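# Topology and contacts: notes
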Amino acid sequence: MDRLGIDRTTDELPPEIGAALQALDARVAKQAARVDVERVAARVLDRLRHGEVERPRRILWMSPVALRVAAAVVVLAAAGVIVNLASDHPQQTAAQQLPVAIPAMDSLNAPQLEAVLEATGEVRAVADSAVQATAGVSLDDLTEQQLQALLASLGNSEG
Amino acid sequence: MGSPVQAVAADGDLIAQYLAGEERAATELVRRHATALARYIAAQGAPEDELEDLTQETLFKAFRALATFRGGASFRTWLLAIGGNVLRDRRRRWRKNLVVELTPDIRDPSGDPGAQAEAGWAAERLQEGIGKLARLQREVFLMRAQQGSGYDEIASGLGITEGAARVHYHHAVKRLKAWIG
């Protein structure tokens, strides 16, 4: 065991620190002796041989998947806010606002979509309640613009 | 006539051999320095069950960066400096206080129990004190007091001046003395 260092420098330390350091080093030397040097060497060489690239510290938001999920969450959250506002202003129905979120989710695969929907459970709950609250709105309550939009969307769904 | 004395390759020669593609040179360097490195990391409070992994990670990083080793410090001091960085990074991940328990199997079964208890207490107290030191004070103190490195090597390994290394050592000893006192 390599104790040369500590033996050489203990003399220059105050006696109480020198003694404590000797005791501490005796303890950590026993721990160090349990390190399997051959195994360490083998693993280090193995990692070097395989050209293991040190994983860069990736910022979570640099991940494309995380970015997509985050973008979808933001869009859905914004939709939730709009729906909330819609419930305060019944002339705008939730049904008109919710489709805004749909195109942004087209690029997500099933697991990503599931993650988004889990994360936005509350938003959906708000949206549902808002839709229920505005279900009694008749065509007479819609503005001209809203009627045109509705007719256009009906035309799309039929075509 | 005596048997021929087998020349022991210097670290610098082994490094050159490894960089030239000789893997056995790396193995020899690991054999030479892994235990001292583990002692250094353990003295800073690394948990025993992480010690081998920390040692391996440090050596891996060192070999990856070996081409940048300029030889101002000894290879060992350079390795210790990397070990300090690896431990610091790992601690950030652990996000909790590290306490190395003095388990019964670590105690020396021989000798006077009273003296053992006193030595054990002093060791624990010192380790606590080392943990409270500023990073450079801690690393300079252990490189000097535990590993016996010269101030010039320490300074080169840590990228500070020799005078700064002396000052850090002086402050470390002063603070540890007050802590143990």
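Just so it is clear, the structure is predicted and the values come from calculations on it, not from any experiment. (Residues numbered from 1 in each chain as written. Chains lettered and ligands numbered in written order. Predicted model: local features only at pLDDT ≥ 70, side-chain atom pairs only at ≥ 80, totals over all residues.)

### So, the confidence of the model for chain A
Residue and element names in this part refer to chain A. For chain A, per-residue confidence averages 68 on the pLDDT scale, and residues scoring 70 or more make up 41% of the total. Helix H3 (residues 37-49) holds the highest mean pLDDT among the elements of chain A, 96, whereas helix H7 (residues 121-133) holds the lowest, 47. In the predicted structure, residues 55-59 sits below a pLDDT of 50 and forms one contact with residues beyond four places in sequence or in another chain. Low pLDDT, under 50, characterises residues 122-127; the predicted model gives this stretch eleven contacts beyond four residues in sequence or across chains. (pLDDT = per-residue confidence, 0-100. Helix = DSSP H or I, 4+ residues; strand = E, 2+ residues; numbered from the N terminus. Contact = placed C-beta atoms within 7 Å.)

### Focus: the environment of Gly 150 of chain B
Note that Gly 150 of chain B resides in the loop between helix H6 (135-146) and helix H7 (151-158). With 73 residues separating them in the primary sequence, Gly 150 of chain B and Thr 77 of chain B have C-alpha atoms 9.3 Å apart.

### A look at the interface of chain A and chain B
Taken together, the contact pairs 35 residues of chain A with 38 residues of chain B. For the side of chain A that touches chain B, the secondary structure elements donating two or more residues are helix H1 (4-9), helix H2 (15-33) and H3 of chain A. Counting residues per element, the side of chain A that touches chain B draws most heavily on H2 of chain A, at 15 residues. Of the residues contributing to the side of chain A that touches chain B, the split by class is 22 nonpolar, three polar and ten charged. (Nonpolar A, V, L, I, M, F, W, Y, C, P; charged D, E, K, R; others polar.)

### What about helix H3 (residues 48-64) of chain B?
The terminal C-alpha atoms of H3 of chain B lie 25 Å apart, and with 17 residues this matches the ideal 24 Å at 1.5 Å per residue to within 8%. Taken residue by residue, H3 of chain B has Leu 51, Glu 52, Leu 54, Thr 55, Gln 56, Glu 57, Thr 58, Leu 59, Phe 60, Ala 62 and Phe 63 of chain B as its buried positions. Where H3 of chain B is buried, its residues touch H2 and H3 of chain A together with helix H2 (23-43) and helix H4 (75-94) of chain B. (Expected span 1.5 Å × (residues − 1). Buried ≥ 20, exposed ≤ 12 C-beta atoms within 10 Å, placed from the backbone.)

### Let's talk about H7 of chain B
Residue and element names in this part refer to chain B. Most of H7 is tucked away, with six of its eight residues classed as buried. Along its buried surface, H7 packs onto H4, H6 and helix H8 (162-180). Downstream of H7 by one or two residues, Gly 159 has phi in the positive range, about 70°.

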